[in-house]
Amino acid sequence: MRLEEAKYVGSVCETWLEEVNQGRKCTLVVLGAGQVGLLKVKKPWIFDYVYAHFDRSAATIINTDLEMYEGIDLAVDLGKPESLTLLRQKLDGPCVVLLCNVLEHVPEGIREQVFNCAEALARDSLGLLICTVPFDYPYHPDPLDTMYRPSCSDLLNLSSSG
């Protein structure tokens, strides 16, 4: 996540926490969080501008990824239907679901499933889904890059709710 993106995502999260959630228990679910320990060093602005709002509100934070990297709380394969059930069990109130710069790493055959899992998690908890994707980012295999660089309408087409 680039600095400008972290600032914007953080401002959306701050607004949601203050105006919608209003101090109630909530959960931040970061899908595809990656190597959290390494990110804290390489991209500290993600924690300064996004995570900090949830830390201050004493929210539950759940970092997920396909692999159990340092800082990951739950390893889940979002392409599998049971992942949604597992994630729902971990929620503490409404949740903000971050699906940021993940979809380009998801194989085309399960991309819609992954997006719909994130969407259902946010919708069913009366929360918020924040999905960002690269538009002008170079190839970066981490572990793979499908070169998926969607437009806004491409993302809307992934949505089960249109």
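As the structure is a prediction and not an experimental result, all values here were calculated from the model.

Visitor: Help me out: how do you make sense of the overall build of the chain in this one?
Guide: Helices and strands together make up the secondary structure of the chain, namely six helices and five strands. Counting helices and strands in the order they occur from the N terminus, the chain gives α-β-α-α-β-β-α-β-α-β-α. Compactness check: the chain gives a C-alpha radius of gyration of 15 Å against a globular reference of 15 Å for 162 residues, within 12% of the reference. Considering only C-alpha atoms, the chain reaches an extent of 40 × 35 × 30 Å along its principal axes. When burial is assessed residue by residue, the chain has 46% of its 162 residues classed as buried. Partitioning the contacts of the chain with sequence separation of at least 6, the portion at a separation of at least 24 is 71%. A total of about 8700 Å² of accessible surface is found on the chain, and carbon and sulfur atoms cover 55% of it. Taken as two groups, the 14 positive and 23 negative side-chain charges of the chain have centres that lie 3 Å from each other.

Visitor: Please explain the side chain of Arg111 as it appears in this structure.
Guide: Here Arg111 is to be found in helix 5 (residues 108-124). Notably, Arg111 is buried but unbridged: the nearest opposite-charge side chain belongs to Glu108, and the N-O separation is 5.2 Å. When sequence neighbours within four positions are dropped, the list of residues in contact with Arg111 reads Leu103, Val106, Thr146, Tyr148 and Leu158.

Visitor: Mind showing me how you'd approach the packing of aromatic side chains here?
Guide: Pairs of aromatic rings are described using the distance from one ring centre to the other and the angle between the two planes. As enumerated under the stated definition, the model contains one aromatic pair in all. A cation sits over an aromatic face here: Lys40 above Phe47, 5.6 Å from the ring centre. Over the ring of Tyr148 we find Arg111; its NZ or CZ atom is 3.8 Å from the centre of that ring.

Visitor: What exactly am I supposed to notice about the nonpolar core here?
Guide: Side chains that are nonpolar tend, in soluble globular proteins, to be buried together. Residues Leu31, Leu78, Leu87, Val97, Leu99, Leu103 and Leu121 are the most contacted members of the largest nonpolar core, which totals 25 residues. Contributions of two or more residues to this core are made by helix 4 (82-90), strand 4 (95-100), helix 5 and helix 6 (152-158). No other element matches helix 5, which puts seven residues into this core. Ignoring any residue separated from it by four or fewer positions in sequence, one finds Val97 in contact with Val29, Leu31, Ala118, Leu121, Ala122, Leu128, Leu129 and Ile130. Counting 22 residues, the second-largest nonpolar core is a separate cluster that includes Val9, Leu17, Val36 and Ile46.

Visitor: Whenever I open this one, the pairing of strand 1 (residues 27-30) confuses me. Can you help?
Guide: Along strand 1, one buried face is formed by Thr27 and Val29 and the opposite face, lined by Leu28 and Val30, is buried too. As paired elements, strand 1 and strand 4 share four bridges and run parallel to each other. The residue bridging Val30 from the neighbouring strand is Leu98, located in strand 4.

Visitor: Explain the environment of Lys43 to me, please; I cannot follow it from the model alone.
Guide: Residue position: Lys43 is located in the loop between helix 2 (36-42) and helix 3 (45-56). Owing to a relative accessible area of 23%, Lys43 belongs among the partly exposed residues under this scheme. Counting along the chain gives 41 residues from Lys43 to Arg2, while the straight-line C-alpha distance between them is 8.0 Å. Sequence-distant contacts of Lys43, that is, excluding residues within four places in its chain, are made with Met1 and Tyr137.

Visitor: Whenever I open this one, the pattern of salt bridges confuses me. Can you help?
Guide: A side chain of one charge can pair with a side chain of the opposite charge when the charged atoms of the two come close. The full count for this structure, using the stated rule, is four salt bridges. Among the ionic pairs, Arg88 bridges to Asp124, the shortest N-O distance being 2.2 Å. In this pair, Arg88 sits in helix 4 while Asp124 sits in helix 5, placing the two residues 36 residues apart along the sequence. Owing to a relative accessible area of 36%, Arg88 belongs among the partly exposed residues under this scheme.

Visitor: What's the story with the side chain of Asn101 in this structure? I'm lost.
Guide: Structurally, the position occupied by Asn101 is in the loop between strand 4 and helix 5. Of note is the side chain of Asn101, whose polar atom sits 2.9 Å from the side chain of Glu5. Beyond its immediate stretch of four places on either side in the chain, Asn101 contacts Met1, Glu5, Thr132, Val133 and Pro134.

Criteria and cut-off values
Residues numbered from 1 in each chain as written. Predicted model: local features only at pLDDT ≥ 70, side-chain atom pairs only at ≥ 80, totals over all residues. Heavy atoms only, no water. Helix = DSSP H or I, 4+ residues; strand = E, 2+ residues; numbered from the N terminus. Rg over C-alpha atoms; globule rule 2.2 N^0.38 Å. Buried < 20%, exposed > 50% of the residue type's maximum accessible area, 1.4 Å probe, protein only. Contact = heavy atoms within 4.5 Å. Areas by Shrake-Rupley, 256 points an atom, 1.4 Å probe, with all protein chains shown as cover. Lys, Arg positive; Asp, Glu negative; His and termini not counted. Charge placed at Lys NZ, Arg CZ, Asp CG, Glu CD. Salt bridge = Lys/Arg side-chain N within 4 Å of Asp/Glu carboxyl O. Phe/Tyr/Trp six-rings, centres within 6.5 Å; stacked < 30°, edge-to-face > 60°. Lys NZ or Arg CZ within 6 Å of the ring centre and 35° of its normal. Core = buried A, V, L, I, M, F, W, Y, C linked by side-chain atoms within 4.5 Å. Pairing = 2+ DSSP bridges. Polar contact = N/O pair within 3.5 Å; in protein donor to acceptor, adjacent residues only side chain to side chain.

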